[in-house]
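# Chain and residue survey
Spelled out, the chains give:
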Amino acid sequence: MSHLLFEPLTLRGLTFRNRIWVPPMCQYSVETLDGVPAPWHTVHYGAMARGGAGAVIVEATGVAPEARISAKDLGWNDEQRDAFVPIVDFLHTQGAAAGIQLAHAGRKASTYPEWGTDRDGSLPVDEGGWQTVAPSALAFDGLAEPRALTETEIAEVVAAFRSSARRAIEAGFDFVEIHAAHGYLLHEFLSPLSNNRTDSYGGSLENRARLLLDIVDATRTEVGEDVPVFVRLSATDWTEGGLTLDDTVEVAGWLKEHGVDLIDVSSGGNVMASIPVGPGYQTTLAAGVRQGSGLPTAAVGLISEPFQGEHILATGQADVILVGREYLRDPNFALRAADALRFDIDYRPAQYHRAYK
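Conventions we followed
Residues numbered from 1 in each chain as written. Predicted model: local features only at pLDDT ≥ 70, side-chain atom pairs only at ≥ 80, totals over all residues. Heavy atoms only, no water. Helix = DSSP H or I, 4+ residues; strand = E, 2+ residues; numbered from the N terminus. Contact = heavy atoms within 4.5 Å. 1 Å grid on protein atoms, 1.4 Å probe; cavity = no way out; pocket = protein on both sides within 12 Å on 5 of 7 lines; lining within 4 Å. Points joined across faces, edges and corners; volume = space filled by probe spheres on them. Nonpolar A, V, L, I, M, F, W, Y, C, P; charged D, E, K, R; others polar. Axes fitted to C-alpha atoms, helices over the stretch in contact; angles between N-to-C directions. Parallel < 35°, antiparallel > 145°, perpendicular 65-115°, else oblique. Left-handed = near helix turned anticlockwise from the far one by under 90°. UniProt positions renumbered as here; feature names shortened; annotations may be inferred. Pairing = 2+ DSSP bridges. Buried < 20%, exposed > 50% of the residue type's maximum accessible area, 1.4 Å probe, protein only. Salt bridge = Lys/Arg side-chain N within 4 Å of Asp/Glu carboxyl O.

- The name given to the chain in an unreviewed UniProt entry is NADH-dependent flavin oxidoreductase, with Brevibacterium sp. HCU as the source organism.

## Re the environment of L245
- On the secondary structure map, L245 appears in helix α7 (residues 245-257).
- Taking the C-alpha atoms as reference points, L245 and A139, separated by 106 residues in sequence, lie 24 Å from one another.
- Once you skip the residues sitting within four places of it in the chain, L245 turns out to touch A235, L285, G288 and V289.

## Concerning empty space enclosed by the protein
- Summed over all chains, the structure comprises 3 cavities of 30 Å³ or more.
- Here the largest cavity defines a volume of roughly 100 Å³.
- Lining the largest cavity are 14 residues, with G75, I100, S164, R167 and A168 positioned closest to its centre.
- For the lining of the largest cavity, the secondary-structure elements that each account for two or more residues are α2 (78-93), β5 (97-103) and α3 (151-170).
- A class-by-class count of the residues in the lining of the largest cavity yields 7 nonpolar, 5 polar and 2 charged.

## Thoughts on the packing of helix α6 (residues 210-223) against α7
- At a minimum axis separation of 10 Å, α6 and α7 run at an interaxial angle of 25°. Compared by their axis directions, α6 and α7 come out roughly parallel. The element α6 and its partner α7 pack so that their crossing is right-handed. In this structure, α6 uses L212, L213 and V216 to contact α7, whose residues at the interface are V251, W254 and L255.
- When grouped by side-chain class, the residues that make up the contact of α6 with α7 number 6 nonpolar, no polar and no charged.

## So, the UniProt feature "domain: NADH:flavin oxidoreductase/NADH oxidase N-terminal" (unreviewed entry) in the chain
- Here the UniProt-annotated "domain: NADH:flavin oxidoreductase/NADH oxidase N-terminal" (unreviewed entry) positions come out as residues 5-340.
- Split by type, residues 5-340 is 35% helix and 15% strand. Its first and last C-alpha atoms lie 12 Å apart.

## Digging into the sheet that holds strand β12 (residues 320-322)
- One closed barrel accounts for 8 strands, arranged β3-β4-β5-β8-β9-β10-β11-β12; its pairing is parallel. The average angle at which neighbouring strand axes cross in this sheet is 25°, direction not considered.
- Note: strand β3 (residues 20-22) against β12, 2 bridges, orientation parallel. Looking at β12, one finds that I20 is bridged to I321.
- Across the face of the sheet, α3 comes into contact with β5 and β8 (175-180) while running at roughly 160° to β5.

## Regarding the environment of G121
- Relative to the assigned elements, G121 resides in the loop between β5 and β6 (133-134).
- The sequence separation of G121 and A109 amounts to 12 residues, and the corresponding C-alpha distance is 9.8 Å.
- Among residues more than four places away in sequence, those in contact with G121 are S110, T111, Y112, G142 and L143.

## Some words on the pairing of strand β4 (residues 55-62)
- When you tally the buried positions in β4, you get 8 out of 8 residues, the bulk of the element.
- Pairing of β3 with β4, which is carried by 2 bridges, proceeds in the parallel orientation. Across the sheet, residue V22 finds its bridge partner in β4, namely V56.
- Sheet analysis places β4 next to β5, joined by 6 bridges and oriented parallel. Residue pairing in the sheet places G62 in a bridge with A103 of β5.

## Regarding the pattern of salt bridges
- Taken as a whole and judged by the stated rule, the model has 18 salt bridges.
- Measuring nitrogen to oxygen at the nearest pair gives 2.7 Å for the salt bridge that ties D330 to R336.
- Given the relative accessible area of 30%, R336 is considered partly exposed.
- The shortest N-O distance in the salt bridge between R348 and D339 comes to 2.8 Å.
- R348 sits in the buried class, given a relative accessible area of 14%.

## Points about unusual backbone geometry
- In this model, Y28 sits at a positive phi of 45°, which is unusual for a non-glycine residue.
- Among the structural elements, Y28 can be located in the loop between β3 and α1 (39-50).
- Residue classification places Y28 among the buried positions, given a relative accessible area of 9%.
- In this structure, R342 takes a positive phi of about 55° despite not being glycine.
- Inspection of the secondary structure puts R342 in the segment after α11 (333-340).
- Exposure remark for R342: the relative accessible area of 79% places this residue in the exposed category.

Next up, the structure:
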């Protein structure tokens, strides 16, 4: 019996062995504050590839020092690129495709990491923090006020994404994801709640999407025609006057025209909002984007059971499931899913066969 979770998926020149993927999840585990991956990253990502994931997407990686959420984030130069090479190589030996999420945190940058300290909020400049930037000088609740980017600086952001995409391919990554969700810089431009510019990057939805489309074009030029490019979008701000699913469908249509291959559909994060969280609470958003744009989508958000994932794919809500928290609890989630669905796979590690007898 076949199961959609274990059907291969081909996007451009890349075939994924299954449709159970690991989404980017911040680790805040850089050891020397220079953005270089640490042993933690090798084990963390390697375990999930060994555990049968079709793809592993490395956490939000800053395209410049000021693009990081915290000083403990991955980042942006040749030394970091070189440190990724053995990690990517190991993911490949385990049969997983390797992706990386390229990001700019915008007004949510320069914060204390989520763990390792008893403080939260913005990291002061005199403690190693930095001036944050955004489309407009509007602060996120509880964080320092950002400075509005000039048009020259916007062009520099595009260049930073482009050079980061080049380094990703040089490190061996198979695909790249551009982070335009969760209230970070590109989402800030997209949402009227955080963008009150009056130039060509503000006002209409088309103008607010201009930076994202410029970055997609620059990324595509850098990675070539065979490398898939994904975009993560927050499909709604869950707040009146903010982004809606209809807006996101329209943006996704433009992204399709600009050569994007898949939309990773999440939601929220740009303003404080009441979000109806529950199992699979964002899958209807993925379905809406998929139906409205014609692009493949990945569904994410409290997907934790194999039969739940199979249902999402079988009902046409998405083409891929992204399993986050459950993969943290069980790095062998895909192997367990194959057992639950009684589906025979040939990539269970031989070293672990005795556990399944």
